[in-house]
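What the coordinates show
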Amino acid sequence: MTAAEAVVDGMLAHGIDTIYALPGVQNDLLFEAMFKAGDRMRVVHTRHEQGAAYMALGAALATANPSAYAVVPGPGLLNSSAALLTAYSMNAPVLALIGEIPDADIGRHLGHLHEIRDQAGILKRLVDYSALIRKPEQAPRLVAEAVRSMVSGRPGPASLQCAIDVWGKAAAVTPQPPLPVREPKVDQTAITKAAKLLGAAKNPMIVCGGGAQEASAEITALSAMLQAPVLGYRRGRGVLDSRDPLSVTLPLGRELWGEADVVLAVGSRMLIQFRQWGIDKSLKIVRIDADAQEHGRLHKPAIALTGNAALILRRILDALPSHNIKRASRRADMAARQAAWDKRLREAIGPQIAFLDAIRGELPEDGILVDEVTQMGFAARLAFPVYRPRTFLSPGYQDNLGWGFATALGAQDARRNVPVVSISGDGGFMFTANEMATAVRHRIPLTAIVFNDGAFGNVRRIQQERFGNRLIASDLANPDFVKFAESFGAAGERARNPDELGAALRRALARRDGPTLIEVPVGSFPSPWPFIFMPPVRGV
Ligand SMILES: Cc1ncc(C[n+]2csc(CCOP(=O)(O)OP(=O)(O)O)c2C)c(N)n1
Ligand SMILES: [Mg+2]
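Residues numbered from 1 in each chain as written. Chains lettered and ligands numbered in written order. Predicted model: local features only at pLDDT ≥ 70, side-chain atom pairs only at ≥ 80, totals over all residues. Heavy atoms only, no water.

Assigned secondary structure in the protein chain consists of 20 helices and 18 strands. Taken over the C-alpha trace, the protein chain has a radius of gyration of 24 Å; the compact-globule value for 540 residues is 24 Å, and the two agree within 12%. Within the protein chain, contacts between residues at least 6 apart in sequence are counted, and of these 76% link residues at least 24 apart. Approximately 21,300 Å² of the protein chain is accessible, and the part contributed by carbon and sulfur atoms is 53%. Separation between the mean location of the 61 positive side-chain charges and that of the 53 negative ones in the protein chain comes to 6 Å. (Helix = DSSP H or I, 4+ residues; strand = E, 2+ residues; numbered from the N terminus. Rg over C-alpha atoms; globule rule 2.2 N^0.38 Å. Contact = heavy atoms within 4.5 Å. Areas by Shrake-Rupley, 256 points an atom, 1.4 Å probe, with all protein chains shown as cover. Lys, Arg positive; Asp, Glu negative; His and termini not counted. Charge placed at Lys NZ, Arg CZ, Asp CG, Glu CD.)

With that settled, consider the side chain of Asp244. Looking at the secondary structure, you find Asp244 in the loop between strand S8 (230-232) and strand S9 (247-248). Overall, Asp244 belongs to the buried group, its relative accessible area being 16%. Sequence-distant contacts of Asp244, that is, excluding residues within four places in its chain, are made with Arg331 and Gln338. (Buried < 20%, exposed > 50% of the residue type's maximum accessible area, 1.4 Å probe, protein only.)

Every protein donor of the magnesium ion (ligand 2) is listed here as Asp426 (OD), Asp453 (OD) and Ala455 (O), and their distances to the metal cover 2.0 to 2.1 Å. Summarised as a motif, the one-chain spacing of the donors to the magnesium ion (ligand 2) is D-x26-D-x1-A. Note that Asp426 is positioned in helix H15 (residues 426-429) and Asp453 in the loop between strand S16 (447-452) and helix H17 (457-466), a separation of 27 residues in sequence. Assessed through its relative accessible area of 1%, Asp426 is described here as buried. For Asp453, a relative accessible area of 16% corresponds to the buried category. (Donors = N, O, S within 2.8 Å, 3.2 Å for Na, K, Ca; no water.)

Right, let's talk about the sheet that holds strand S6 (residues 158-163) for a bit. Think of a sheet as strands paired side by side through backbone hydrogen bonds, with each pair either parallel or antiparallel. Spatially, six strands are ordered S2-S1-S3-S4-S6-S5 in an open sheet, and the strand pairing comes out parallel. The strands lining the two open edges of the sheet, one partner per strand, are strand S2 (42-45) and strand S5 (129-133). Across this sheet, the average inter-strand angle for adjacent strands is 20°, counted without regard to direction. As paired elements, strand S4 (residues 94-100) and S6 share six bridges and run parallel to each other. Opposite Leu95, over in S6, you have Ala158 as the bridge partner. (Pairing = 2+ DSSP bridges. Axes fitted to C-alpha atoms, helices over the stretch in contact; angles between N-to-C directions.)

This brings us to the pattern of salt bridges. Taken as a whole, this structure holds 33 salt bridges when the rule is applied. Among the ionic pairs, Arg243 bridges to Asp241, the shortest N-O distance being 2.8 Å. Of the residues examined, Asp241 reaches a relative accessible area of 22% and is grouped as partly exposed. Between Asp342 and Arg346 there is a salt bridge; the shortest N-O distance is 3.1 Å. Of this pair, Asp342 and Arg346 both sit in helix H12 (residues 331-362), four residues apart, roughly one helical turn. Each member of the salt-bridge network shares a partner with another, and the members are Glu255, Glu259, Arg330, Asp333 and Arg337. (Salt bridge = Lys/Arg side-chain N within 4 Å of Asp/Glu carboxyl O.)

Attention shifts here to the pairing of strand S12 (residues 303-306). Alternating positions in S12 separate cleanly, Ile303 and Leu305 being buried on one face and Ala304 and Thr306 remaining unburied on the opposite face. Two elements, strand S11 (residues 284-289) and S12, share four bridges in a ladder whose sense is parallel. The residue of S12 that forms the bridge with Arg287 is Ala304.

Before going further, it helps to examine the site of ligand 1. Around ligand 1, a shell composed of 17 residues is seen, among which Thr374, Asp426, Gly427, Gly428 and Gly457 lie nearest. Between ligand 1 and Asp453, the relevant distance is 3.0 Å, taken from an oxygen atom to a side-chain nitrogen or oxygen of the residue. For ligand 1, whose unbound accessible area comes to 590 Å², protein coverage reaches 75%. Broken down by secondary-structure element, the contributors of at least two residues to the shell around ligand 1 are H15 and H17. The residue makeup of the shell around ligand 1, split by class, is six nonpolar, eight polar and three charged. (Near = heavy atom within 4 Å. Polar contact = N/O pair within 3.5 Å; in protein donor to acceptor, adjacent residues only side chain to side chain. Nonpolar A, V, L, I, M, F, W, Y, C, P; charged D, E, K, R; others polar.)

So, about the sheet that holds strand S13 (residues 368-370). An order of S14-S13-S15-S16-S18-S17 is seen for the six strands of this open sheet, with the pairing classed as parallel. With partners counted over all chains shown, the strands left at the sheet margins are strand S14 (392-393) and strand S17 (491-494), one partner each. The strands that helix H18 (residues 481-488) touches are S16, S17 and strand S18 (516-521); relative to S17, the one it contacts most, it runs at about 170°.

Residue Leu250 is joined to Pro251 through a cis peptide bond whose omega torsion reads -5°. Among the structural elements, Pro251 can be located in the loop between S9 and helix H9 (252-259). One non-glycine residue, Arg234, lies in positive phi territory at about 60°. Within the secondary structure, Arg234 is located in the loop between S8 and S9.

Glancing now at the nonpolar core. Ile219, Leu305, Phe451 and Leu501 are the most contacted members of the largest nonpolar core, which has 87 residues in total. Sorting elements by how many residues they give to this core places H12 first, with nine residues. Those residues in contact with Leu501, other than ones at most four positions away along the chain, are Phe355, Ala358, Ile359, Ile449, Phe451, Ala495, Ile518 and Val520. Ala83, Leu446, Phe481 and Ala490 belong to the second-largest nonpolar core, a separate cluster that totals 50 residues. (Core = buried A, V, L, I, M, F, W, Y, C linked by side-chain atoms within 4.5 Å.)

Taking 1.5 Å per residue, 13 residues should reach 18 Å; helix H19 (residues 498-510) reaches 18 Å between its end C-alpha atoms and fits that length. Taking the backbone nitrogen of Asp499 as reference, a side-chain oxygen 3.1 Å away marks Asn497 as the first, capping residue of H19. (Expected span 1.5 Å × (residues − 1).)

Positionally, Val143 belongs in helix H6 (residues 139-151). As a C-alpha pair, Val143 and Gly10 span 133 residues in sequence and 5.9 Å in three-dimensional space. With near-sequence residues (within four places) excluded, Val143 lies in contact with Val7, Gly10, Met11, His14 and Leu160.

Next up on the list: the environment of Asp291. Checked against the element boundaries, Asp291 lands in the loop between S11 and S12. Asp291 sits in the buried class, given a relative accessible area of 17%. Distance from Asp291 to Leu313, taken between C-alpha atoms, is 16 Å for residues 22 residues apart in sequence. Residues in contact with Asp291, not counting those within four places in the same chain, are Arg154, Arg297 and Thr306. Within the structure, the side chain of Asp291 is placed 3.0 Å from the side chain of Arg154, a separation counted as a polar contact.

A word on the side chain of Gln273. Relative to the elements of secondary structure, Gln273 occurs in helix H10 (residues 271-277). Looking at Gln273, the relative accessible area reads 6%, which means it is buried. Excluding anything up to four places from it in sequence, Gln273 contacts Val207, Leu231, Trp257 and Gly278.

Below you can see the structure in the form of structure tokens.
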């Protein structure tokens, strides 16, 4: 078996049967091995390496399963790097297969095609695990170690590199089945303490981050047992169904944070809470995180539990009944408070919410919405109802333009049976608009909605409000987006209001053999920022 064949075999042994990729001479033999794997390995080729990496990210986020992409070294790696960075900051299990110059010349600075100084060093800073495959015999073990690191503890990306002349080297190779996932031992004393603290709390609250996405059932049960509101903003949305009156986003979450006596934080950095909303001694924090380093970065918690959130929560659920005080239902009170905030949000950002209502009205319960750093994205984070985990994908703290369309393509490719809709601005969409060709070539039935205000609208508003309307570098010249889509052979629609958007979306979601772009021409939207950056409610 060649090293390339051993890598393909290794990926298949780990359930990775699709690779998002862009070829080039360093990886020719890897592609040859993928060709030989036939139907077992699906290759989705993109038009730019960032597209390949964002697609792998979207596939991982939509499924929670490891995914992979392959690109050439140097420029190929760097082109993919914003997506790889995002995979790191979103704890997404993405495997980056990166080519290399001839093995014997690595580090000799001879200026080979696509050579980059210290590629291994660059990758080491971008991912949790990286290795260079030097011999075919090493490949199965390195694939297994890479995947184990991607799914153990705090998940995240990994990278394997292989030189142009090593992919084709052949040897007798022993297959390596998946290595056992590394899980820290759960601290039962801390579980009991957490159950006691939560059980005695008068005003408990749960805060969910991305690390809570696989613990939806447990958090739903815990919320009911404690009558605790569950805050999810961006990556924590959908863990508790938005239709439950205890499911909150910002800004009701902030109000509740001000009243809480015990907060259980699950897989969240808590940056907004500690840095914006404030903390004082009367609030006790219980933290569950896959990463022990995360607990005390900003504030020392009363109790810290490290490991898999669902497993830990099940243990807390087992221990809680004997410590839990009798609790009156909070549903009526919470429903009234939800209605009050809903009214305020609709008064403030009504135009955005009307479009979101149109989308929610057409997107089925398990449909996936991918947001982006755009006016409609900000509103979606606050007000789009999310019913299930992993059905609202928001790019975490990178908040990078260009993620939306390409990541949504990966999500839609990996989950062909549910509709995926992306929302982008005209600015963000054009970062990866070229991947419309990929969507058509691979018949990916994504619906991409582009809200076109002819501007980097967010930047423009800042210039208007804070810089005396001195506008610079924020106006945009755009293509006719409908013709743009049609020129690729995709469907293109224009919707001028929420009703037209609903109708266009209905047609788009019925089309399952290829992509649709819906352009929504818009003016400037009212600002969502008063609901996102809010003053402290504690410790002031
Ligand atoms: C990779 C990257 N570059 C730059 C930015 C800075 N940025 C944030 S929002 C924004 C403008 C977004 O414009 P558009 O996508 O049209 O959305 P709009 O605000 O107009 O709705 C820019 C340039 C960013 N977030 N990510
Ligand atoms: Mg715009």
